[in-house]
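# Examining the three-dimensional arrangement
Listed here are the chains, written in short residue letters.
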Amino acid sequence: EIKRVILTLSAQTGAPILPLLAIGKSYWTLSKSWDHFRLPKPFTKVAVIYGRPFVVTAEELQTSIESVRIRLANEMQQIEEQARSLGLQLSR
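In this report, we go over the structure that sits alongside the text.

### With respect to helix 1 (residues 4-13)
Looking only at helix 1, the buried set comprises L7, T8, S10 and A11. Looking down the long axis of helix 1, one finds its buried residues gathered within 160 degrees of arc, a one-sided arrangement. Opposite the packed face of helix 1, turned more than 90 degrees from it, sit the exposed residues V5, Q12 and T13. At its buried positions, helix 1 is contacted by helix 2 (58-63) and helix 3 (65-85). G14 occupies a position one or two residues after helix 1 and carries a positive phi of about 80 degrees.

Here is the structure:
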């Protein structure tokens, strides 16, 4: 879930949000954590996939916060699809 705070920080500072996904080929899964965090094992290969930088303007934040969330969610989905197309296993 994309929280408002990340969008607010981008709007206030002008800093872009850089969507990215990092997946280790070999990892431990922390099954007791809320998100089942994956910790890469030592010396494993890690794939890092970047999306396009995403900037939120103050005007967008005030007028259409939900559409901004949807735009960022779509960017994250594109990164996940790219990872799957490369044969990378995503956690869910």
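### Quick notes on unusual backbone geometry
The phi dihedral of H36 is positive, around 55 degrees, even though this residue is not glycine. With respect to the helices and strands, the residue H36 is situated in the loop between strand 2 (27-29) and strand 3 (38-40). The backbone of F43 sits at a positive phi, close to 70 degrees, despite the residue not being glycine. The residue F43 is located in the loop between strand 3 and strand 4 (46-50) in this model.

### Quick word on the nonpolar core
One finds L7, A11, I17, F54, V56, L61, I65, V68 and L72 forming the largest nonpolar core, which totals 9 residues. Counting residues per element, the ones that place at least two in this core are helix 1 and helix 3. Tallying contributions element by element places helix 3 first for this core, with 3 residues. Excluding its chain neighbours within four sequence positions, the residues that come into contact with F54 are L7, S10, P16, I17, V68, R71 and L72. Counting residues in each nonpolar core, the second largest holds 6 residues, with I23, I49, I79 and A83 among its members.

### Concerning helix 3
With 21 residues, helix 3 ought to run about 30 Å at 1.5 Å a step, and its terminal C-alpha atoms sit 30 Å apart, in line with that. Turning to helix 3, its buried residues number three or more, namely I65, V68, L72, E75, I79, E80 and A83. Projected down its long axis, helix 3 shows its buried positions confined to an angular sector of 140 degrees, all on one face. When the buried face of helix 3 is taken as reference, the exposed residues oriented beyond 90 degrees from it are E81 and S85. Against the buried residues of helix 3 lie helix 1, strand 1 (20-24), strand 4 and helix 2. Once helix 3 finishes, G87 follows within two positions and takes phi at roughly 85 degrees, a positive value.

Rules and cut-offs
- Residues numbered from 1 in each chain as written.
- Predicted model: local features only at pLDDT ≥ 70, side-chain atom pairs only at ≥ 80, totals over all residues.
- Heavy atoms only, no water.
- Buried < 20%, exposed > 50% of the residue type's maximum accessible area, 1.4 Å probe, protein only.
- Helix = DSSP H or I, 4+ residues; strand = E, 2+ residues; numbered from the N terminus.
- Arc of directions from axis to C-beta.
- Contact = heavy atoms within 4.5 Å.
- Core = buried A, V, L, I, M, F, W, Y, C linked by side-chain atoms within 4.5 Å.
- Expected span 1.5 Å × (residues − 1).

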